[in-house]
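Observations on chain architecture
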Amino acid sequence: MYPTHFARNAGEPTAQIMRISDRHWHALADDEVVGRGEASPRPDGRLFLSIDAWHDAVFDQLAQAMLAGLPKPLFTIVDETDHDLRAQWDRAGFSTGRREWELLLPSGPHLATPPPDVKIVGVGRAERDPLRELDRAIRAEVEASAGWHTMPAEVLVRLDDATVVDPAKYAVAAQADRYVGLIRLAQIPRQPRIGLIAVRADQQRRGIARALLAHVLDSLHRVGIHSASAEVDDRNLAAMELFESLGATRVGRNLELVCR
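What counts and how
Residues numbered from 1 in each chain as written. Predicted model: local features only at pLDDT ≥ 70, side-chain atom pairs only at ≥ 80, totals over all residues. Heavy atoms only, no water. Helix = DSSP H or I, 4+ residues; strand = E, 2+ residues; numbered from the N terminus. Contact = heavy atoms within 4.5 Å. Phe/Tyr/Trp six-rings, centres within 6.5 Å; stacked < 30°, edge-to-face > 60°. Lys NZ or Arg CZ within 6 Å of the ring centre and 35° of its normal. Expected span 1.5 Å × (residues − 1). Buried < 20%, exposed > 50% of the residue type's maximum accessible area, 1.4 Å probe, protein only.

Focus on the environment of Gly 181
In this fold, Gly 181 is placed in strand E10 (residues 178–186). Residues Gly 181 and Arg 200, spaced 19 residues apart in sequence, show a C-alpha to C-alpha distance of 6.1 Å. Once you skip the residues sitting within four places of it in the chain, Gly 181 turns out to touch Leu 134, Ala 171, Val 172, Ala 173, Ala 198, Val 199 and Leu 212.

The following block contains the structure:
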């Protein structure tokens, strides 16, 4: 444990900050834990911070200790409507890096079929090696154009290049002897999450992404699941148009904050 002390203003709780491990901090007052901080690594190596504290002063103390002990840049996610939490991170030196819409999509039958030379392979039926080959190709194309900073944090490229960890979560669009599009579905109870939908550059604007999304929503409807959620960067107008064309509604917006 590594205790850290900070000066405080009159009336603020007196706390001692303890670094209890490489990525965990506790704030103690009268031998009670009054705040916790955690640094969580994402698959691409970035560190996302979270702090749970009742008092602003304790939040500030934890943030100061964490920023002093971790390499930058550092990141966190906040609900855009949570103005108090946003203000706390602002005081710590964080600013907005990107905005991401939270979407809710109704399941149900949709009239969206793939092109004649493409067929949809359902969730869990894709072959691992061709799927990984497609995933790597799509990631290279996106990185060379819009960049992966426009993608949800949960689908950023892994440092070990193991981009497809669980093939059972994917449905794909197959053309002849290769896969040309994919969609990833996290089977969270009651409301599954669409984590990624992408099509190879030379096959875009043919209705493949729409067919993949419609296939997944139809499959959910058949097993009695009424909706799925998704996240889209608010600058990705094409993705927003696709989701909204199948009935998606905007239910919230998150901010990804960064301290450099």
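Thoughts on the packing of aromatic side chains
Note on aromatic pairs: each is described by the distance of the centres and the angle between the planes. The final tally for this structure, using the stated rule, is 3 aromatic pairs. Within the aromatic cluster, the residues linked to one another by ring pairs are Phe 59, Trp 89 and Phe 94. Over the ring of Phe 48 we find Arg 42, and its NZ or CZ is 3.8 Å from the ring centre. Taking NZ or CZ as reference, Arg 250 lies 4.8 Å from the ring centre of Trp 101, over its face.

Quick word on helix H1 (residues 56–69)
Between its first and last C-alpha, H1 extends 20 Å over 14 residues, near the 20 Å set by a 1.5 Å rise per residue. Residues Ala 57, Val 58, Phe 59, Gln 61, Leu 62, Ala 63, Ala 65, Met 66 and Leu 67 constitute the buried set of H1.

Coordinates in, geometry out; function isn't part of it.
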